[in-house]
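A structural walkthrough
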Amino acid sequence: MQDFIKIHEEDNVAVALRPIAKGEHLIIGTYSLTTREEIPQGHKFALKEIAKGEPVIKYGFRIGNAKENIEAGGWIHVHNIKTALGDLLTYQYEPVASSLKESTPAFFDGFRRRDGKVGVRNEIWIIPTVGCVNSIAKALEKKAQKFVDGTVEEVVAFVHPYGCSQMGEDQEYTRTVLADLIHHPNAGGVLVLGLGCENSNIPVLKEYIGEYDEQRVKFLQCQDVEDEQEEAMRLLEELAVYAGAFSREKIDASELIVGMKCGGSDGLSGITANPVVGSFSDLLISKGGTTILTEVPEMFGAETILMNRCETPELFQQTVSLINDFKNYFTSHNQTIYENPSPGNKKGGISTLEDKSLGCTQKSGSAPVKGVLAYGEPVKVKGLNLLSAPGNDLVASTALAVSGAHIVLFTTGRGTPFASPVPTVKISSNSKLAGHKDHWIDFNAGCMVEDKTKEELAQKLFDFVLEVASGRKVKAEEAGFHDMAIFKQGVTL
């Protein structure tokens, strides 16, 4: 295993890949230094003296400025580095060409729906229009497990606290997200469960749903029937018969859509897990597939990398708006734009938002940006898409599913058990986490600093994702976890 890594030739810091004791003598390229203090795993140390006010360089970019003079071998963290970011910025389009080429086709076994869409699961979903019927939805989920048979893989209720007492954009988000989930092809059948007096009642929601297959989507308004559970079970049985008629068939990987997200990151996330996911993204796109990158606040400080990979000036302008609109969202609520990273991120070695963002955007690989999506907007073009959503793990992962992701890849340095509406693959940045939380982690990218190359791990991850798309359950699914969270905006009445 390596002891440390200098990521880019222009960096003036290196990252410890194991805890380094105070007083250790290190040779790193042309640098010879002695550590001034203990350097925790995932944390940075100076390769040469960095004067107060000078930039600290990692990934070949500035991740902040020194708050004080830092000696060679000195530990660099929140005590002696600060963000160099401002508020709204002016950007210039400086396009960077992509060298990504087509590669040989790949295939998985998925479900072809009657509208031509493809799913990687054949589940029955119960979707409440309002939080008032959550308990009924969960009771139905438990009772309806008897319908899990043949190709019907699971019955899942996606409860949430919204659907009423909302105004404006807040209510629009709820209706859009619920409508998009109803259309998601991972669901072979959907029961939309309403109360009857809510703002987002079934007749209103149908305007957002648009056309639908009446055999695949059933509706029940609980106030309209004497025994809502009895009537719901009758409808769920009909849905189980309909969904049970589908079976897996060979499907080209060009039809696969994968969302990319990170959370509970550490100092190794941008060195191992995120670059591996970036290479996976390039590999899938080279086969005609689609990936979606989100968590806009964690693009701040690295946004120009994405902007200059936009395929057209129009996409560049859309990405500028994506960034600045989210900054305005913070300031409109009187919040600091750069109140990031989290305590867990800092403990893992991430010191500034630039540090976090430059690691986060590694997940985008090298492909050109082909689409920029508003929150709740479905993918329309293949290739790399950018999606407007916050950094919150559950909200962002739900947003990826809502925009069409069949699977979400979630990288983490500290671990998390959560799930999303679609299979959520947990990818660890370090082997210690993979061993400690084996029941959470699906794939270990930590061995990239031990005995595997990024390319080897990307191919291994690609093969694993095809297995998941073909029916292999991820750890969260095995545990029975299914989560969703809608982006909360505005006033609650």
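Residues numbered from 1 in each chain as written. Predicted model: local features only at pLDDT ≥ 70, side-chain atom pairs only at ≥ 80, totals over all residues. Heavy atoms only, no water.

1. Considering the packing of aromatic side chains
Selection rule: Aromatic pairing here means that ring centres of Phe, Tyr or Trp (its six-membered ring) are within 6.5 Å. Orientation follows from the plane angle: under 30 degrees is stacked, over 60 is edge-to-face, and everything else is tilted. Helix and strand definitions follow DSSP, with helices as H or I runs of at least four residues and strands as E runs of at least two, each counted in order from the N terminus. Categorising residues by exposure relies on relative accessible area from a 1.4 Å probe, with only protein chains included: less than 20% of the type maximum marks a residue as buried, more than 50% marks it as exposed, and the intermediate range marks it as partly exposed.
Tallied over the full model, the rule gives 16 aromatic pairs. Taking 4.9 Å as the distance between ring centres and 25 degrees as the angle between the ring planes, the aromatic pair formed by Tyr-93 and Phe-316 counts as stacked. With Tyr-93 in the loop between strand 9 (81-82) and strand 10 (107-112) and Phe-316 in helix 7 (residues 313-332), this pair connects stretches of sequence that are 223 residues apart. Between the aromatic rings of Tyr-173 and Tyr-375, the centroid separation amounts to 4.6 Å while the plane-to-plane angle is 50 degrees, which identifies the pairing as tilted. Remark: Tyr-375 occurs in the loop between strand 19 (369-373) and strand 20 (383-387) and Tyr-173 occurs in helix 2 (residues 168-183); sequence separation between them is 202 residues. Like Tyr-375, Tyr-173 is buried. Grouped by ring-pair contacts, the aromatic residues Tyr-173, Phe-300, Phe-326, Tyr-329, Phe-330, Tyr-375 and Phe-487 constitute a single cluster.

2. Concerning the side chain of Thr-352
To keep things clear, this is the line we draw: Residues adjacent in sequence count toward polar contacts only when both atoms are side-chain atoms; beyond that, a polar contact is any pair of N or O atoms within 3.5 Å, and within protein one must be able to donate a hydrogen and the other to accept it.
Here Thr-352 shows up in the loop between helix 8 (343-347) and helix 9 (353-360). A polar atom in the side chain of Thr-352 sits 2.4 Å from the backbone oxygen of Ile-63. Engagement of the side chain of Thr-352 in a polar contact is seen with the backbone nitrogen of Asp-355, the distance being 3.1 Å.

3. Quick look at the environment of Asp-109
Keep this limit in mind: By definition, residues are in contact when any of their heavy atoms lie within 4.5 Å.
Summarising the element assignment, Asp-109 is placed in strand 10. Overall, Asp-109 belongs to the partly exposed group, its relative accessible area being 37%. Taking the C-alpha atoms as reference points, Asp-109 and Leu-466, 357 residues apart in sequence, are found 8.2 Å from one another. In contact with Asp-109, not counting residues within four places along its chain, are Arg-248, Glu-249, Lys-250, Ala-469 and Ser-470.

4. Details of the packing of helix 5 (residues 273-286) against helix 12 (residues 454-469)
Rules: Angular values range over 0 to 180 degrees, each being the angle between N-to-C directions of two axes fitted as lines to C-alpha atoms, with helices fitted over their stretch in contact. Should the near helix be turned counterclockwise from the far one by less than a right angle, the crossing is left-handed, whereas a clockwise turn marks it as right-handed. Ten residues, namely Ala, Val, Leu, Ile, Met, Phe, Trp, Tyr, Cys and Pro, are considered nonpolar, four, namely Asp, Glu, Lys and Arg, are considered charged, and the remaining ones, Gly among them, are considered polar.
Running from N to C, helix 5 and helix 12 cross one another at 65 degrees; their axes reach a closest spacing of 8 Å. Pair helix 5 / helix 12 crosses with right-handed handedness. Every residue of helix 12 that contacts helix 5 at Pro-275, Val-276, Val-277, Ser-279, Phe-280, Leu-283 and Leu-284 is listed here: Lys-454, Leu-457, Ala-458, Gln-459, Leu-461, Phe-462 and Val-465. Residues belonging to the contact of helix 5 with helix 12 are distributed by class as follows: 11 nonpolar, 2 polar and 1 charged.

5. Considering the pairing of strand 19
Where we set the bar: At least two bridges found by DSSP between two strands is the condition for calling them paired.
For strand 19, the tally of buried residues reaches 4 of 5 residues, placing the bulk of the element in the interior. Summarising the sheet, strand 19 and strand 20 pair through 4 bridges and their orientation is parallel. Each residue of the ladder has a partner; that of Val-372, found in strand 20, is Leu-386.

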